[in-house]
Amino acid sequence: MAVSHRHIRARIAPLPAAISTLALAAGLLCAPTPWSPAHAQAQPPLQTGDAALQAQIETRAKAAEARLIAWRRDIHQHPELGNYETRTAKLVADHLKKLGMEVKTGVAKTGVVGLLKGGKPGPVVALRADMDALPVKERVDVPFASKAKGKYLGKEVDVMHACGHDTHVAILMATAEVLAGMKDQLPGSVKFIFQPAEESPADFEPDGTNIWGAKQMVAEGVLDNPKVDAIFGLHVSSGIESGKLAWRSGPAMAAADQFWIDVKGRQTHGARPWGGIDPIVVSSQIVLGLQTIQSRQVNAMLEPSVITVGTIHGGNRMNIVPEKVEMMGTVRTYDEGMKKDIHARMKRTTESIAASSGAEATFRVVELYNATINQPALTEKMAPTLKRVAGDGNWMLAPKATASEDFSFYQEKVPGLFFNLGVTPKGTDVTKAASNHSPEFYVDEPALINGVRALSNLTVDYMTMAQR
Ligand SMILES: [Zn+2]
Ligand SMILES: [Zn+2]
């Protein structure tokens, strides 16, 4: 059942009384979701790390919950596009300064980095939230719905936090509050990374020649001084029931590349196609030819892959065979070697099909985002923490996602673990819930405290385990 607007209005609880903290903290025994019921096994609670610090996190997270939700609503109502997150960045920087941190602003344009120095020596853990919104007109009926406008590629657009990055910022602000409150007892330091433009900047079409977001932050040294030992991040997901945690070891989200194909034929009268070379028919053959790469050429047992032609432009009149056709699309892969192999096959397929008709075609591809790969050793080490935080029956093995994340650029440099937090209200069919990027993307706010609990516990457990 899709969530109707009326239902959504009814679910917005007044602040803060109706927030069902206890139900979440206790770990809801949810029905298995269509995602991976076989893996959502009940397990005995696993003890990792320092129980006293863990108990403190619970108390402090509950105390911060009302502010967490108020921040989320405020940021939701004032979304900003990639590299224009100035209001959000100020909110974050002011908060981190108030917590007594060293704060750097203007990192990778609008990014903010706070350093919390623990009272005892130990590792440096980085936690990351992305801050940008999308050019989407909100259709969710909540009192804090966005009416914001922004400029996207030079045009005025409606702006919405349709990917839930508002919740990521609020969750990390609350996590900062939790950990700052216990900093004297922390055996290590925490770097809070608030990153711009995860979805790419609002002011140019990404073509691989520029860098932005996570890649830019890494280039500006966010993982150095002090050197980060491990990084954690999360993403809210409509495909998972509210409050549940999901993750997987190894490749978790796909690499995303963009390609361009130009097909040059010879223009002629549409009634006499033999007088020219028809780039529309050639392009049609190329579109179909590209689909045989995954289905007939690469090893289907190794990793999945997707090739999508997203645009095709050519011609301006029904009875003219045009001179050229331009196409653009995306490739999604999980394995570096397979990615390069697919690119080579796409080039060969494109050029050979064009040549067979006497046309000429060029193929160009740029790599935009790498695959998000959770380091197996770190994932194995921290899984007991995530299971304990989620509670029995409230976690699962995430399937691979074909969406991409620039969190991958941190993971390329340091061990990293990226996990999902479910935000679709209990009782709603997650397969029918409006997905991230939809104008109807809806966040069940009582889920958010589990994000704070997860990030805080991952940090503290990682530090305490490093002491042994
Ligand atoms: Zn997104
Ligand atoms: Zn996102």
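Refer to the structure presented above.
In this text the structure is predicted, and so the values were computed from the model without any measurement. (Residues numbered from 1 in each chain as written. Chains lettered and ligands numbered in written order. Predicted model: local features only at pLDDT ≥ 70, side-chain atom pairs only at ≥ 80, totals over all residues.)

Visitor: Kindly report on the sheet that holds strand 14 (residues 324-333), identifying the contributing residues and their values.
Guide: Spatially, the four strands line up as an open sheet ordered 12-14-10-15, and their pairing is antiparallel. For this open sheet the edge positions go to strand 12 (306-314) and strand 15 (360-369), each flanked by a neighbour on one side alone. Averaged over all neighbouring strand pairs, the angle between strand axes comes to 15°, with direction disregarded. Of the strand pairs in this sheet, strand 12 and strand 14 are connected by eight bridges, and their pairing is antiparallel. Bridging across to strand 14, Ile312 finds its partner in Met327. Each of strand 10 (255-264), strand 12, strand 14 and strand 15 touches helix 7 (residues 279-297); the most contacted strand, strand 12, lies at about 175° to it. Helix 8 (residues 336-356) rests against strand 10, strand 12, strand 14 and strand 15 of the sheet, and its axis sits at about 160° to strand 15. (Pairing = 2+ DSSP bridges. Helix = DSSP H or I, 4+ residues; strand = E, 2+ residues; numbered from the N terminus. Axes fitted to C-alpha atoms, helices over the stretch in contact; angles between N-to-C directions. Contact = placed C-beta atoms within 7 Å.)

Visitor: Break down unusual backbone geometry for me, with residues and values.
Guide: Cis geometry is found at the peptide bond from Asn225 to Pro226, where omega equals -5°. A positive phi angle, near 50°, is found at Leu153, a position not held by glycine. Tracing the backbone through its elements, the reader meets Leu153 in the loop between strand 4 (149-152) and strand 5 (155-158). The phi angle at His437 is positive, at roughly 85°, despite the residue not being glycine. Structurally, His437 is set in the loop between strand 18 (416-424) and helix 11 (448-467).

Visitor: Describe the sheet that holds strand 7 (residues 230-241), listing the residues and the values that go with them.
Guide: Here we have eight strands laid out as an open sheet, ordered 1-2-6-3-7-18-8-17, and mixed in their pairing. Looking along the sheet, the strands with just one partner apiece sit at the ends: strand 1 (102-107) and strand 17 (395-397). Averaged over all adjacent pairs, the angle separating strand axes in this sheet is 25°, with direction ignored. Where strand 3 (residues 120-130) lies against strand 6 (residues 187-195), eight bridges are found, and the strand directions are parallel. Looking across to strand 6, one finds that Leu127 is bridged to Phe192. Packed onto the sheet, helix 11 meets strand 3, strand 6, strand 7, strand 8 (245-247) and strand 18 and runs at close to 155° relative to strand 3.

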